[in-house]
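# Coordinate inspection notes
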Amino acid sequence: MLKLIEELSNAYGISGYEDEITNIVKKYAGDLEVTTDKLFNTYLKNNKKDPNKITIMLDGHLDEVGFMVQFIDEKGLIKFIPIGGWVVENIPAQLVVIKNSQGEYIKGVVSSKPPHFMSEEERKKKLTIEDLSIDVGANSREEVINDFKIEVGNPITPFVNFEYNERNGTMLGKAFDNRLGTACVIEAMKKLSKEDLDVNLVGALAVQEEVGLRGAKVTAQTVKPDLAIIIEGSPGDDNFSEEYKIQSGLNRGPQLRYRDNSYITSYKFVDFARKIAEKNNIPYQTAVRTSGGTNAGNIHLVEQGIPCLIVGIPVRYVHTHHCYANINDYKNALKLVCEVVRNISGATIENW
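All values reported here derive from a predicted model rather than from experimental measurement.

Within the largest apolar cluster, 60 residues are counted, with the highest numbers of intra-cluster contacts made by Leu58, Ile229 and Val340. With residues up to four places along the chain from it excluded, the contact list for Val340 reads Ile229, Phe269, Phe272, Ala273, Ile276 and Leu309. Ile78, Phe80, Ala138 and Ile156 belong to the second-largest nonpolar core, a separate cluster that totals 22 residues.

This structure, assessed with the given rule, holds seven aromatic pairs. Relative to Trp86, the ring of Phe67 lies with its centre 4.6 Å away and its plane at 25 degrees, an arrangement referred to as stacked. Of this pair, Phe67 sits in strand β4 (residues 66–72) while Trp86 sits in the loop between β5 (78–83) and β6 (95–99); the two residues are 19 residues apart in sequence, bridging distant segments of the chain. A relative accessible area of 14% places Trp86 in the buried class. Considering the side-chain rings of Tyr317 and Tyr324, the 6.4 Å spacing of their centres and the 55 degrees angle between planes classify their relative orientation as tilted. Exposure remark for Tyr324: the relative accessible area of 33% places this residue in the partly exposed category. Each residue in the set Phe67, Phe80 and Trp86 is aromatic and connected to the rest through ring pairs, giving one cluster. Above the plane of the ring of Tyr43 lies Lys45, whose end atom (NZ or CZ) is 5.7 Å from the centre. One cation-aromatic arrangement involves Lys107 over Phe159; the distance from NZ or CZ to the ring centre is 4.0 Å.

This brings us to the sheet that holds strand β17 (residues 323–326). If you trace the three strands from one edge of the open sheet to the other, you get β10-β11-β17, paired in antiparallel fashion. The two strands at the open ends of the sheet, each matched to only one other strand, are β10 (163–165) and β17. Taken over all neighbouring pairs, the strand axes of this sheet differ in orientation by 25 degrees on average, direction set aside. In this structure, β10 lies alongside strand β11 (residues 170–173), joined through three bridges in antiparallel fashion. Along β11, the bridge assignment pairs Tyr164 with Met171.

Reading the values: the criteria
Residues numbered from 1 in each chain as written. Predicted model: local features only at pLDDT ≥ 70, side-chain atom pairs only at ≥ 80, totals over all residues. Heavy atoms only, no water. Core = buried A, V, L, I, M, F, W, Y, C linked by side-chain atoms within 4.5 Å. Buried < 20%, exposed > 50% of the residue type's maximum accessible area, 1.4 Å probe, protein only. Contact = heavy atoms within 4.5 Å. Phe/Tyr/Trp six-rings, centres within 6.5 Å; stacked < 30°, edge-to-face > 60°. Helix = DSSP H or I, 4+ residues; strand = E, 2+ residues; numbered from the N terminus. Lys NZ or Arg CZ within 6 Å of the ring centre and 35° of its normal. Pairing = 2+ DSSP bridges. Axes fitted to C-alpha atoms, helices over the stretch in contact; angles between N-to-C directions.

Okay, structure coming up:
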């Protein structure tokens, strides 16, 4: 389990460049059939489809937030744009890797004008992405292009190595949004595909979630599920919120979300999941989000409408280089997803 999460976290795959993640999915898929579509969404199937049973899609997304090379200036500094949502103040002085035109990874540091050379006005000015550059240690534009083989359009990913703290089960790494969801989909599919279920089950790992939930629109149209479970790395709020406001705290169980900016959840699906969690002594948290979104935003609008359940694994500091998550939340999310699937049938949703 930890090895899978570590490999997925360490791998590089911003939106539109998820190939490396798909290769890891294939490596850990076991006996599952793995296919991709023209957008490079990845599907996990067990070839047991029964037309008399409803279909549940387990959704996760492969991509992570990152950057892209936009210009290379005469000094050899690389100007870039964000891919996905970033707070600019979280970007400076961090390490990144650029995948060059030869497929090699070139390490660089995000730089800005040193405070020693700033005017008082510059010190007070709000930082913008245009103020930042990436320095790969070159001295000219020609060196970056000819020797480092870096070009406009090359993807840039945070450089972070996964770590696990055995003392309290804390994981530290990048891209937990949403490599934790990806890992959970893989493990749930492998567990459940060996069982005699009352449903058909398909894992759908979408691309380009961080830039507008794009891949999930295709996966939902391809799978045409009756229900979908979206497994996400949900932003943690326990380290800055009052106790009564905490809805995504570490080591408190997975989050069941009622609302965000992309979707108002099927409350009957959430209530069903809560009953399953309580029956199986699985801790969980409920949440009403005023911002953010998940692939449910596009999935629920396909066909005649697809009821979705969002299962979030709490993650501190999403959309930064370094994230914290707890292995117990991951295990409980996996357990909850499996138990929900085991207890659903066509008759179940007819009674909703």
